[in-house]
Amino acid sequence: MSKPVRVRFAPSPTGKLHIGGARTALFNWAYARRHGGTFVLRIEDTDPERSTKEFERAILEGLAWLGIAWDEGPDIGGPRGPYRQSEKYPQYREIARRVVAAGHAYPCFCSTERLDALRAEQESRKERQVYDRRCAGLDPALAARRVAAGEQAVIRFRVPPGETVCIDHIRGDVRFSHEEVDDWVMVRSDGSPTYNFCVVCDDVEMGITHVFRGEEHLVNTPKQVLLYRALGQPMPEFGHLPLMLGTDGKKLSKRTGDTALQDYRDKGFPRAAVVNFLCLQGWALDGTSVLFSVDQLVANFDIKDVQKAGAIFDPEKFRWMAGEYLRQEATETLADHCAPFVVGAGLCGADELARRRAWFLEVVKTEQARIQTYGELAPRIAYLFQRDDAVAWADEAAARKHAHAAQTLRDYREWLAPRVGGGIDAAALRDASKAWAQERGLKLPAFFQPVRLALCGVVNGADLFDVMALLGAPAVLARLAHGAERLAS
Ligand code: GLU
């Protein structure tokens, strides 16, 4: 029987959770759940300059928001902790000592100047830039004495000759010759361990069976697998997830859209849409289904089905998908999701919105087919909260194009006033108003656009008569009057 699955997500808290990282976490988590395994969260905070507690908190929050629960991690602990690398320096030091003692690593005393000169020389000869192993042949006892006497040294891994094959479930078996691997630095001269060293120590100690991470780490894998060998530990199986690319085929960056998970949450992308869309970056449920639930992901996820080719991240498709999820929501739920954005935009207080719940549900229903994110509702309905004599006009020019626009508003208001005393019935008013406009020989845009401008400040949007019902008769009449005045001036 194969060993129980233990996978991990190992972010460095040097920034917000990147959408690529979120996808890595999702795939690892889904794999663990599918195989009844354990999902470990490990914080790789060995870069004291760039790592912060705030970023760590933001990453944990982001994962929790996605619905990913870790079984072991820095906040909940677990049998193989600590789960923060910064808390493990004594362990790393001890492992480094053992690796040196076994002859798999050695202290290197070469100065930065020497290494720079070496690199420059190799570059001028158009050679690969590698360490020339000057210190690899030093007598170990002598080297140890120099270190003990306080001489500055890094610890380099001694790459043995040969060839290694590692299992990669996405790329197939990856074979590499050790000649391609430099005698890499495990511990810096200030005693701090490097990324490649810590990762292996941790993955070994935490009993990680499968390492699924971004393709950008492929260059590190040979260094790491050689260390497993030196430690006499079984190698995990790998899966290097394809890069996420912008629609221009280049590496994802701010230029092609938001790259932090938090940005999507803050804009009000439905969580299920985010999970669904991120999983599509390299994986598919089957050949045809685009929309799938997290349960379907967990029931079907297999690392072998992840594609090798770069995944194109298309923000337009993402928005489309967000809209699809949002439209499936019950109006009540959608209202709950949109409310914080309405309050956050300063349109009204949470209490007021709660008091006007029935009205707000009508508002949400009116816009549900038109918005793609929860955040989009607020700017679209801002007009409902403005003072009747101070509606913000965005499309004034479009409405002014129509001759006699001010007069149209005045006449319409006069016709309307006696008809809306008992409230507004949108359907009845729609038919009657259109008939009114036609009788007066008005083309529909010449009627609709000025009226909409007066009521909402724009010339496009939700059905005009639904809008009137939401505003209520007094506001409609007041806005028509003010609109006429403003257009006449
Ligand atoms: N800490 C690394 C990163 O944030 C991940 C290392 C790994 O998965 O092996 O990219």
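Basis of the calculations
- Residues numbered from 1 in each chain as written.
- Predicted model: local features only at pLDDT ≥ 70, side-chain atom pairs only at ≥ 80, totals over all residues.
- Heavy atoms only, no water.
- Helix = DSSP H or I, 4+ residues; strand = E, 2+ residues; numbered from the N terminus.
- Rg over C-alpha atoms; globule rule 2.2 N^0.38 Å.
- Buried < 20%, exposed > 50% of the residue type's maximum accessible area, 1.4 Å probe, protein only.
- Contact = heavy atoms within 4.5 Å.
- Areas by Shrake-Rupley, 256 points an atom, 1.4 Å probe, with all protein chains shown as cover.
- Lys, Arg positive; Asp, Glu negative; His and termini not counted.
- Charge placed at Lys NZ, Arg CZ, Asp CG, Glu CD.
- Phe/Tyr/Trp six-rings, centres within 6.5 Å; stacked < 30°, edge-to-face > 60°.
- Lys NZ or Arg CZ within 6 Å of the ring centre and 35° of its normal.
- Right-handed = clockwise from strand over helix to strand, strands pointing away.

**Some details on the overall build of the protein**
Counting its regular elements, the protein contains 21 helices and eleven strands. In terms of overall size, the protein is more extended than a compact globule, its C-alpha atoms giving a radius of gyration of 32 Å where 489 residues would be expected to give roughly 23 Å. Overall, the C-alpha framework of the protein stretches about 105 × 55 × 40 Å when taken along its three principal axes. Looking at the protein residue by residue over its 489 residues, the buried ones come to 50%. For the protein, long-range pairs separated by at least 24 residues make up 76% of all intrachain contacts whose partners lie at least 6 apart in sequence. Roughly 22,900 Å² of accessible area belongs to the protein as shown, and the carbon and sulfur atoms make up 51% of that amount. Here the protein contributes 65 positive and 65 negative side-chain charges, whose respective centroids are spaced 2 Å apart.

**As for the packing of aromatic side chains**
This model, assessed by the stated rule, comprises 22 aromatic pairs. Of the aromatic side chains, those joined through ring pairs into one cluster are Tyr412, Trp415, Trp436, Phe447, Phe448 and Phe465. Here the basic side chain of Arg146 rests over the ring of Phe109, its NZ or CZ set 3.9 Å away from the ring centre. In this structure, Arg486 packs its charged tip against the face of Trp393, placed 3.8 Å from the ring centre.

**Quick word on the pairing of strand β8 (residues 210-214)**
Burial analysis of β8 places five of its five residues in the buried class, which makes it a mostly covered element. Crossover connection from β8 via helix α7 (residues 221-231) to parallel strand β9 (residues 237-241): handedness right-handed.

Interpretation note: all reported values are geometric properties and have no functional meaning in isolation.
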